[in-house]
Amino acid sequence: MEPSETSYLVGLIGTGVGPSLTPAMHMAEGRAFGLDYSYRPIDLAAADISPDRIGEVLSWARALGFDAVNVTHPCKQLVMAHLDHVDPVAATLGAVNTVLFTDDGDVGYNTDTTGFAHGFTEGLPDADLADVVLVGAGGAGTAVADALLRLGAAHLTVVDLDVDRAGALAHDLATRHPLPSVDAAAFDKLPALLPESSGVVHATPTGMAEHPGIAFDAALLRPDLWVADIVYRPLDTALLQAARAVGAPTLDGGHMAVYQAVDAFALITGLNPDADRMTRHFRQLVANAS
């Protein structure tokens with residue numbers, strides 16, 4: 001497949017985006033295709049720009065010749081009001097993380113949810129989706145939940161410290177996916193839920209370098225409970241170490257991190273990126289940063 005252009009200027013808009021590994025991943029893949037591919041972080045906090053001005057930032061980026069931007073916290077929902085078109089998957093999620101500047105206007109997509117789905121299919125192809133628990137109902141959890149239901153989860157229970165947030169997400173998911181069963185539960189219900197579940201996805205900040213630890217009691221893990229973590233710095237979280245120790249199948253957060261970039265690169269360039277190559281590069285970047 002031929003690229004739609006030979007040079008690209010792409011940005012990452014959000015707060016605290018300086019340490020992101022996404023720019024390096026995109027640029028390395030661009031070089032592999034022989035493209036002049038530049039990817040620049042646009043840190044709103046560093047520039048003292050309020051996230052509420054995301055519409056202006058989009059206009060500036062388009063005027064400056066950007067072909068596309070990725071959008072991250074805290075702008076994924078704010079940006080939607082400023083787009084001309086939104087992909088149906090992103091529209092149902094109520095969040096956009098990729099914006100293409102096209103002749104037909106600014107078009108929004110969500111590759112967080114497609115990225116998780118692709119990474120999950122690759123990393124846990126035989127996972128039992130009969131009864132899944134999702135721990136964390138924030139933005140990442142929302143993208144993961146939608147992906148799990150599209151992948152065929154028959155029963156999904158959303159758990160969060162904020163029970164109202166878990167309930168709101170479960171209600172929204174049930175409205176958009178009427179066939180599966182979707183419930184919400186309080187965090188203290190995990191000891192009753194996990195023994196009956198086929199798999200669990202962890203989607204909270206716990207386990208990150210800045211928030212070490214495990215979000216729930218590791219004694220609840222067992223060999224026939226697959227465990228997926230979306231945290232990728234570090235890749236080998238305490239949760240995954242504990243899961244492997246009991247013989248449970250695991251999926252690290254690198255899969256979602258890579259495939260959201262894979263899907264975004266494909267949207268931006270029209271090319272089919274080499275996911276294995278991007279994975280190798282990403283894991284080397286993580287190792288170098290640790």
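Refer to the structure presented above.
It should be emphasised that the depicted structure is a prediction, and the values quoted were computed from it without experimental measurement.

Caption draft 1: Region of the structure containing the overall build of the chain. Tallying secondary structure elements over the chain gives ten helices and twelve strands in all. Its C-alpha radius of gyration of 19 Å places the chain within 12% of the 19 Å reference for a compact globule of 290 residues. Viewed in the frame of its principal axes, the chain has a C-alpha envelope of about 55 × 40 × 40 Å. Counting only residues that meet the buried cut, the chain has 50% of its 290 residues in that class. Relative to all contacts within the chain whose residues are 6 or more apart in sequence, the contacts with residues 24 or more apart total 69%. Accessible surface for the chain amounts to roughly 12500 Å². Of this, 54% is attributable to carbon and sulfur atoms.

Caption draft 2: Quick look at the sheet that holds strand 7 (residues 132-135). Across the sheet, which stays open at both edges, the six strands sit in the order 9-8-7-10-11-12 with parallel pairing between neighbours. The sheet is open, and its two borders are formed by strand 9 (181-186) and strand 12 (250-251), each paired with just one other strand. Relative to strand 9, strand 8 (residues 155-160) runs parallel, the two being bridged by six bridges. Looking at the pairing, T157 lines up with D183 of strand 9.

Caption draft 3: Seen up close, helix 6 (residues 163-176). In this model, helix 6 (14 residues) spans 20 Å end to end at C-alpha, consistent with the 20 Å of a helix rising 1.5 Å per residue. For helix 6, the complete set of buried residues consists of A166, L169, A170 and L173. Take helix 6 and look down its axis: the buried residues cluster within an arc of 100°, on one side only. For helix 6, the exposed residues lying more than 90 degrees away from the buried face are D164, H171 and T175. In this structure, the buried side of helix 6 is in contact with helix 5 (139-151), strand 8 and strand 9. Sitting at the head of helix 6, D162 places a side-chain oxygen 3.1 Å from the backbone nitrogen of D164.

Caption draft 4: Representation of the packing of aromatic side chains within the structure. Under the criterion given, the structure shown has six aromatic pairs. Pairing Y37 with F265 gives two aromatic rings, centres 5.3 Å apart and planes at 25°, and the pair type is stacked. Separated by 228 residues along the polypeptide, Y37 in strand 2 (residues 36-43) and F265 in helix 9 (residues 254-269) bring together distant segments of the chain. A residue is classified by how much of its surface remains accessible, and Y37, at 5% relative accessible area, is buried. A residue is classified by how much of its surface remains accessible, and F265, at 0% relative accessible area, is buried. A connected cluster of aromatic rings, assembled from ring pairs, spans Y8, F33, Y37 and F265. Over the aromatic face of F33 sits the side chain of R277, whose NZ or CZ is 5.6 Å from the ring centroid.

Caption draft 5: Structural detail: unusual backbone geometry. With an omega dihedral of 5°, the bond running from H73 to P74 counts as a cis peptide bond. Following the sequence through the fold, P74 ends up in the loop between strand 3 (68-71) and strand 4 (85-86). Each neighbour pair has its own omega, and for R233 with P234 the value is 10°, a cis peptide bond. Here P234 lies in the loop between strand 11 (226-229) and helix 8 (238-245). Phi angles above zero are rare outside glycine, and D48 is one such case at about 55°.

Caption draft 6: Quick look at helix 1 (residues 22-32). Turning to helix 1, its buried residues are T22, P23, M25, H26, A28, E29 and G30. Next to the buried residues of helix 1 lie strand 1 (7-14), strand 2, strand 3, helix 9 and helix 10 (275-289). At the exit of helix 1 stands G34, carrying a positive phi of roughly 75°.

The rules behind the values
- Residues numbered from 1 in each chain as written.
- Predicted model: local features only at pLDDT ≥ 70, side-chain atom pairs only at ≥ 80, totals over all residues.
- Heavy atoms only, no water.
- Helix = DSSP H or I, 4+ residues; strand = E, 2+ residues; numbered from the N terminus.
- Rg over C-alpha atoms; globule rule 2.2 N^0.38 Å.
- Buried < 20%, exposed > 50% of the residue type's maximum accessible area, 1.4 Å probe, protein only.
- Contact = heavy atoms within 4.5 Å.
- Areas by Shrake-Rupley, 256 points an atom, 1.4 Å probe, with all protein chains shown as cover.
- Pairing = 2+ DSSP bridges.
- Expected span 1.5 Å × (residues − 1).
- Arc of directions from axis to C-beta.
- Polar contact = N/O pair within 3.5 Å; in protein donor to acceptor, adjacent residues only side chain to side chain.
- Phe/Tyr/Trp six-rings, centres within 6.5 Å; stacked < 30°, edge-to-face > 60°.
- Lys NZ or Arg CZ within 6 Å of the ring centre and 35° of its normal.

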